[in-house]
Amino acid sequence: MQQAIKSKNPQNPSYDEAMKALEPGRRQHGIVRERYAHDDHRRSFLCTDNLRKWDTGLFQRFPQAEKVPLTGLEPGGTGSCDARTTEIFGSVLVENGIFRMWYLCMPDADSHAENPDHSYVAYAESEDGIHWKKPDLRLTGRNRYPGNNLLPLPGHIMSVVHALPATGAKYLAVCCMIAPFEPDITQGVSNFVFNGGGTYLFTSDDGFHWRQITEQPLMIHGDCCTLYADHATKRYFLYQKAGCLHGLETRRAFIGLESADGRHWEGYEGLATWRRCFTADDYDDLIAQRHGLRIADHYTVAVHRVGDLYVAVEAMFLIGDPIQKYFGQNPNGLGYLRLAFSENAMNWRHPKGRPPWLELGAPGEWDAGFVCTSNTFVEHDNHSLLYYIGCRYEHGWCINPDFRLNPNISLSEQRNTNRIMLAKIKRDRFASLTAPYKSTFDVENTTRMELTSGRRHLDAGPRGDDALFVNARCPEGAIRVALFEQGKSEPLSGFSLDDCVPFTGDSVRAPIRFRKASIARIPANMGLFLRFEITRGEIFGYEWGKKDGRMA
């Protein structure tokens, strides 16, 4: 228990006495239980909660992603299973050096009376994530589409993840059924039972042959969802699209559920009992209005993890007229991608100003009108990769307000309008703290989480390992680091800014070295804070690791 501070004059305490009295009680290291055992000691400056002091001249910067052309995933010819579109409502996993993609495709529409969202689940592979091949799987639909790469999964494929131990399989997939069941395409699913539209879950041991594990739909809200497998917490997070009202305007939003095995879920007990994770507000409407549109909502989300911080890419839908005057989805508008972050994967925040992460292309480009995300990033060769859908035209361009195909637009004109695309950043470079000239800032080395709330513990934690690395870019400047024991005003002996060997260059994992001291000799249970000095450069985050760890 914190000891009370007595003032010489109780009615008029000094400023220093008042500040001391306001300090929170400090728990000894180790008393607060860890929320999970986690060996990923990366820290991203997308979130600035653990900054404690900084100079003027320090700014937060949000670089946008680079677009990378892909080949081999283009829609097929007339009469093929993917003649109309190929779309990455789905996932990419890298296994044994091979990129594996589960995605959505659409055949040609036979008439304007057809369901606009008539889709199949397809599969592709690549050795580099850029050049793709569609293998002849010989699994299903061969009478209708000879030589196809279709999988016997029903509906819209939303996500495929590496399953957690409690699931009892290698893969877990989620699909949204919004169209009638087609037996000749889904005949390969073991014991598939169709009980109407909604969200269904499937398991597999090879990614090709699937077993249904939810006989009834998990829920019947929305035609999109994202499944993320958090192997650190051994929890699945499912973000399901649902319709909500904001005043007299209907919004697409995403609600959040959790599960340990993929069969039993918590966080949803029916309409309006849910946890809203992603939902637009009045500020988002102002963003839409700056683009000449009316309101905003969410179309898809991708979820990723950097250390103990969850990172999301939100596909924002900026909606124009006509705005529906009933409870239903608004069809017309443009899109872009932006970032969000969370400490517990349920309560999400945005960077200040909600800057774009990926904007639409110029007219005529494949992503000129609308964009949506796959379920998560792929980390590969010091890059973070996000596959996304690009549409040449605005959302709703070929449908009526009631979502029927517009008979005034020919079916042939609707062919080959969407593409699977790739956005790339250097690993974890979502945001940086940058100094055009020179600046310093102090960071508490928060490495622990509270059990109940998921928030970072306010006390500084110990070093995560024997070496310190920075994700930084300063080809014309330098970065130096000093290490302090929590609560001390002077740096540890041998770990001052002057003791640090300056880093100059561009690396996602540059080692920080000290001239006469080794980080390994700092007591493993000592709470630390770090002082960074940046000269003409930027730092995206830092990381604890092994001395012989992978170098950038």
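A brief structural summary. (Residues numbered from 1 in each chain as written. Predicted model: local features only at pLDDT ≥ 70, side-chain atom pairs only at ≥ 80, totals over all residues. Heavy atoms only, no water.)

Another point: the overall build of the chain. Looking only at helices and strands, one finds three helices and 30 strands in the chain. Every one of the 552 residues in the chain was classed for burial, and the buried ones make up 57%. For the chain, the proportion of contacts with a sequence separation of at least 24, taken over those separated by at least 6, is 66%. Total accessible area on the chain is roughly 24000 Å²; 50% of this is exposed by carbon and sulfur atoms. (Helix = DSSP H or I, 4+ residues; strand = E, 2+ residues; numbered from the N terminus. Buried < 20%, exposed > 50% of the residue type's maximum accessible area, 1.4 Å probe, protein only. Contact = heavy atoms within 4.5 Å. Areas by Shrake-Rupley, 256 points an atom, 1.4 Å probe, with all protein chains shown as cover.)

A separate point is the pairing of strand β29 (residues 503–512). Across the ten residues of β29, seven count as buried, placing the element largely inside the fold. The sheet contact formed by strand β28 (residues 467–485) and β29 spans seven bridges and is antiparallel. For Ile-479, the partnering residue across the bridge sits in β29 and is Phe-503. (Pairing = 2+ DSSP bridges.)

Turning our attention to the nonpolar core. Grouped together as the largest cluster of nonpolar side chains are 119 residues, with contacts concentrated most on Tyr-239, Trp-357 and Tyr-387. The element that contributes the greatest number of residues to this core is strand β20 (residues 309–319), accounting for eight residues. Core analysis: the second largest hydrophobic core is formed by 32 residues, Leu-51, Phe-495, Ala-517 and Tyr-542 among them. (Core = buried A, V, L, I, M, F, W, Y, C linked by side-chain atoms within 4.5 Å.)

With that settled, the discussion passes to the sheet that holds β20. With antiparallel pairing, the four strands of this open sheet are ordered in space as β19-β20-β21-β22. Strands at the two margins of the open sheet, each flanked by one partner only, are β19 (295–306) and β22 (356–358). Going from strand to strand, the sheet's axes swing by 35 degrees on average, the running direction of each strand aside. Contacting β19, β20 and β21 (333–342), helix α3 (residues 282–290) runs over the sheet at an angle of about 110 degrees to β19. (Axes fitted to C-alpha atoms, helices over the stretch in contact; angles between N-to-C directions.)

A few words now on the sheet that holds strand β13 (residues 210–212). Spatially, four strands are ordered β10-β11-β12-β13 in an open sheet, and the strand pairing comes out antiparallel. Sheet topology places β10 (156–162) and β13 at the edges, where each strand pairs with a single neighbour. Strand-to-strand twist in this sheet, taken as the mean axis angle between neighbours without regard to direction, amounts to 30 degrees. As judged from the six bridges shared by β10 and strand β11 (residues 171–177), these two strands associate in the antiparallel manner.

A few words on the pattern of salt bridges. Proximity of charged atoms lets side chains of opposite charge pair with each other. Evaluated as defined, the whole model comprises 41 salt bridges. A salt bridge links Glu-95 to Arg-100; its shortest N-O distance comes to 3.1 Å. Under the relative-accessibility criterion, Arg-100 is labelled buried at 7%. Here Asp-281 makes a salt bridge to Arg-354, at a shortest N to O gap of 2.9 Å. (Salt bridge = Lys/Arg side-chain N within 4 Å of Asp/Glu carboxyl O.)

All buried positions along α3 are accounted for by Asp-284, Asp-285, Ile-287 and Ala-288. Viewed along the axis of α3, the buried residues span an arc of 155 degrees, placing them on a single side of the element. Opposite the buried face of α3, at more than 90 degrees from it, the exposed residues are Asp-282 and Arg-290. On the buried face of α3, the contacting elements are β15 (235–246), β16 (249–259), β19, β20 and β21. For α3, the N-terminal cap is Asp-281; the gap from its side-chain oxygen to the backbone nitrogen of Tyr-283 is 3.1 Å. Immediately beyond the C-terminal end of α3, within one or two residues, lies Gly-292, with a positive phi of roughly 85 degrees. (Arc of directions from axis to C-beta. Polar contact = N/O pair within 3.5 Å; in protein donor to acceptor, adjacent residues only side chain to side chain.)

A word on the side chain of Arg-252. Take Arg-252: it is sitting in strand β16. Take Arg-252: its relative accessible area is 3%, and that puts it in the buried class. One polar contact links Arg-252 to Gln-329, side chain to side chain, over a distance of 2.9 Å. Looking at Arg-252, its side chain comes within polar contact range of the main-chain oxygen of Asn-330, at 2.8 Å. Arg-252 has contacts with Lys-241, Ala-242, Asp-297, His-298, Tyr-299, Phe-317, Ile-319, Gln-329, Asn-330, His-395 and Phe-403, leaving out every residue within four places of it along the chain.

The next subject is the environment of Ala-315. On the secondary structure map, Ala-315 appears in strand β20. With 22 residues separating them along the chain, Ala-315 and Leu-337 place their C-alpha atoms 4.7 Å apart. Look past the residues within four positions of Ala-315 in its chain and what remains in contact with it is Asp-297, His-298, Tyr-299, Thr-300, Tyr-336, Leu-337, Val-371, Cys-372 and Thr-373.

This paragraph deals with the packing of aromatic side chains. Using the criterion set out here, one finds 25 aromatic pairs in the structure. Aromatic pair Trp-102 and Tyr-171: ring centres 5.8 Å apart, planes at 50 degrees, arrangement tilted. Separated by 69 residues along the polypeptide, Trp-102 in strand β6 (residues 98–106) and Tyr-171 in strand β11 bring together distant segments of the chain. Arranged with centres 5.8 Å apart and planes meeting at 80 degrees, the rings of Phe-237 and Tyr-310 form a pair that is edge-to-face. Taken together, the residues span a long stretch of sequence, with Phe-237 in strand β15 and Tyr-310 in strand β20 at a distance of 73 residues. Taken together through their ring pairs, the aromatic side chains of Phe-45, Phe-441, Phe-532 and Tyr-542 make up a single cluster. We note Arg-392 situated over the ring of Trp-366; from NZ or CZ to the ring centre the distance is 4.0 Å. (Phe/Tyr/Trp six-rings, centres within 6.5 Å; stacked < 30°, edge-to-face > 60°. Lys NZ or Arg CZ within 6 Å of the ring centre and 35° of its normal.)

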